[in-house]
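Residues per chain, in single letters:
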Amino acid sequence: MTSLFTRAVHAGERLPAPDYTPTTTPIHPAVTYLYDAMEDLDAVLGRARDGFVYRRYGNPTTHAFEVALADLENADVALTYASGMAAMVAALLAAGVQAGARVVAARDCYGATYTLLDRLLKEQGVTTHFVDVTNLDEVAAVLRATAPTVLVCETISNPLLKVANVPALVNLAHAAGAMVIVDSTFTTPYLLRPLEHGADFVVHSVTKYIGGHDDVLGGAVVTGRVHEARLTDQLKMLGANFSPFEAWLALRGLKTLPLRMRQHCASALQVAAWLGAHPRVAQVNYPGLPGHPQHAVAAQLLQAPDGQSAYGGMVSFVIRDAGQAQVRRFLERARLLLTGTSLGDVYSLLLYPVMASHRALTPAQRALVGIGEGLVRLSVGIEEPADIIADLAQALEAD
Ligand SMILES: *Cc1c(COP(=O)(O)O)cnc(C)c1O
């Protein structure tokens, strides 16, 4: 009889493939996949047929999530990464960014995207020109002057919630010979599918709305078939793979993404309108409010599956005459609303840009981008909107 030591290693493993199909995708942690015939292993390694051999090259659970995300984006392919930032790096490399290349990017893009371009890629010989993507004349002029490899923009910016006119930006960039990367983290495929408007790559932080429960860190690049081989090949070298455990959670997250987004959008509109009427609030930024500078663009571009305009779950507002001390007291008084650095969760989350996302900037630099001492960002969760409003009311009105 085989030794207990040997049986302990192999017993129960690699049972014959069953003829039943589980309803949901299993989590496949295996790093290595076996084939009876070396011919099959050879074919998989040579990409002559589909299959899995080693986890950094692909994984069945992660692949299931990629298939699902590509489906929701009406796209050919999605590739996933260990974080949204890893996905952004992959998209930039796949778009052809290399030493000597020029990039045009939104000035108010996500902080780590800004420093990736302005510091890490700059050190590698890439020059980035930052522009106000809501000023199409400025974008056109900079594209003409710099002939960049790629234009990088976000659908809705953080924390001022400016809306990018994606179709117009795609036209300008393509006319200048540049590819377009759209970070659609704030919109998700519920509100916008940028590839339908001609974008070349969509980047998601899966960590946010797609995961949705504050328990996944991940990213995705969604694109056309033409870019698949390059991205797949690069991922083998980058090694920033999305884990099957987290892909399983993200796949679960996708199932309720439309339900959650419907609630995020409806509640955010209600909360933004309430904030706008509050005497202690000097200003509200929400694309769904008629006074928002890109309200018309947003109404046309951002549509829920029922064809109605919807504007996402992010709101920011300025507490009237508040300095850092007053804002900190407001954050501490909030009970239902949590102060956390993420967004897009089922939980409502507050963030103070001066203390968190825009901490590294001087007050003068912050003023230049329109971020004052009294500005607070709210990621509206899926709790009952009346409860969210009640908590805002007590936190705002206590002093
Ligand atoms: C969070 C975020 C990222 C980075 O994603 P990680 O998953 O944290 O790496 C990129 N873009 C936007 C718009 C984000 O909100």
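What counts, and at which threshold
Residues numbered from 1 in each chain as written. Predicted model: local features only at pLDDT ≥ 70, side-chain atom pairs only at ≥ 80, totals over all residues. Heavy atoms only, no water. Helix = DSSP H or I, 4+ residues; strand = E, 2+ residues; numbered from the N terminus. Rg over C-alpha atoms; globule rule 2.2 N^0.38 Å. Buried < 20%, exposed > 50% of the residue type's maximum accessible area, 1.4 Å probe, protein only. Contact = heavy atoms within 4.5 Å. Areas by Shrake-Rupley, 256 points an atom, 1.4 Å probe, with all protein chains shown as cover. Lys, Arg positive; Asp, Glu negative; His and termini not counted. Charge placed at Lys NZ, Arg CZ, Asp CG, Glu CD. Domains from an automatic or database assignment. Buried area = accessible area lost by both parts, 1.4 Å probe. Core = buried A, V, L, I, M, F, W, Y, C linked by side-chain atoms within 4.5 Å. Pairing = 2+ DSSP bridges. Axes fitted to C-alpha atoms, helices over the stretch in contact; angles between N-to-C directions. Near = heavy atom within 4 Å. Polar contact = N/O pair within 3.5 Å; in protein donor to acceptor, adjacent residues only side chain to side chain. Nonpolar A, V, L, I, M, F, W, Y, C, P; charged D, E, K, R; others polar. Phe/Tyr/Trp six-rings, centres within 6.5 Å; stacked < 30°, edge-to-face > 60°. Lys NZ or Arg CZ within 6 Å of the ring centre and 35° of its normal.

**A look at the overall build of the chain**
Along its length, the chain carries 14 helices and 12 strands. By the compact-globule yardstick of 21 Å for 399 residues, the chain fits well, its C-alpha radius of gyration being 23 Å. Along the first, second and third principal axes, the C-alpha set of the chain runs to 80 × 50 × 40 Å. Considering the chain as a whole, with its 399 residues, one finds that 50% of them fall into the buried category. Considering only contacts within the chain whose residues lie at least 6 apart along the sequence, 73% involve residues at least 24 apart. With an accessible surface of roughly 18,500 Å², the chain has 55% of that area assigned to carbon and sulfur atoms. On the chain, the mean spot of the 30 positive side-chain charges and the mean spot of the 37 negative ones are 5 Å from each other.

**Here we look at the domain arrangement of the chain**
With domains assigned, the chain is organised as domain 1 (38-255) and domain 2 (258-396). Summarising the inter-unit geometry, the C-alpha centres of domain 1 and domain 2 are found 26 Å apart. Taken together, the 30 residues of domain 1 in the interface contact 38 residues of domain 2. By the criterion of area lost to domain 2, the three top residues of domain 1 are Tyr190, Leu191 and Tyr209, representing 29% of everything that side buries.

**Overview of the nonpolar core**
Soluble globular proteins tend to bury their nonpolar side chains together. In terms of nonpolar packing, the biggest core is built from 113 residues, with Phe65, Leu92, Ile181, Phe317 and Phe330 touching the most fellow members. For this core, the leading source of residues is helix H10 (residues 244-276), giving 11 residues. Composition of this core by domain shows at least three residues from each of domain 1 (38-255) and domain 2 (258-396). Leave out the neighbours within four places in its chain, and isoleucine 181 touches Met88, Ala91, Leu92, Ala95, Val150, Leu151, Val152, Cys153, Phe201 and Val203.

**Notes on the sheet that holds strand E2 (residues 102-106)**
As summarised here, the arrangement of the seven strands in space is E1-E7-E6-E5-E4-E2-E3, forming an open sheet in which the pairing is mixed. Each having just a single partner strand, strand E1 (77-81) and strand E3 (127-131) make up the two edges of the open sheet. Put simply, the sheet's adjacent strands are angled 20 degrees from each other on average, direction ignored. Of the strands in this sheet, E1, strand E6 (201-205) and strand E7 (219-223) touch helix H3 (residues 60-72), which is tilted by about 130 degrees from E1.

**Description of the site of the ligand**
As a structural note, the neighbourhood of the ligand is formed by 13 residues, with Gly84, Asp183, Ser205, Thr207 and Lys208 the closest of them. Taking aspartate 183, its side chain carries an N or O atom lying 2.6 Å from a nitrogen atom of the ligand. The side chain of lysine 208 places a nitrogen or oxygen atom 2.8 Å from an oxygen atom of the ligand. A per-class count over the shell around the ligand returns five nonpolar, six polar and two charged.

**Section: unusual backbone geometry**
Of note, the bond from asparagine 158 into proline 159 is cis; its omega dihedral lies within 30 degrees of zero at 0 degrees. Within the secondary structure, proline 159 sits in the loop between strand E4 (150-154) and helix H7 (166-175). Of note in this structure, alanine 147 is not a glycine but carries a positive phi near 40 degrees. Inspection of the secondary structure puts alanine 147 in the loop between helix H6 (136-146) and E4. Residue class for alanine 147 comes out partly exposed when judged on its relative accessible area of 44%. Even without glycine at this site, leucine 161 takes up a positive phi of about 60 degrees. Along the polypeptide, leucine 161 turns up in the loop between E4 and H7.

**As for the environment of alanine 106**
With respect to the helices and strands, alanine 106 occurs in strand E2. Along the sequence, alanine 106 and histidine 129 sit 23 residues apart, while their C-alpha atoms lie 8.6 Å from each other. Those residues in contact with alanine 106 that sit more than four places away from it in its chain are Phe130, Val131, Val133, Val152 and Cys153.

**Notes on the packing of aromatic side chains**
Counted by the stated rule, this structure contains six aromatic pairs. A centroid spacing of 4.2 Å and a plane angle of 25 degrees characterise the contact between tyrosine 114 and phenylalanine 130, whose relative ring orientation is stacked. Of this pair, tyrosine 114 sits in helix H5 (residues 111-123) while phenylalanine 130 sits in strand E3, and the two are 16 residues apart along the sequence. Here the basic side chain of lysine 236 rests over the ring of tyrosine 57, its NZ or CZ set 4.5 Å away from the ring centre.

**Remarks on the side chain of glutamine 234**
With respect to the element layout, glutamine 234 can be found in helix H9 (residues 228-238). Glutamine 234 sits in the buried class, given a relative accessible area of 13%. Excluding residues within four positions of it along the chain, glutamine 234 makes contact with Ala90, Leu93 and Ala94.

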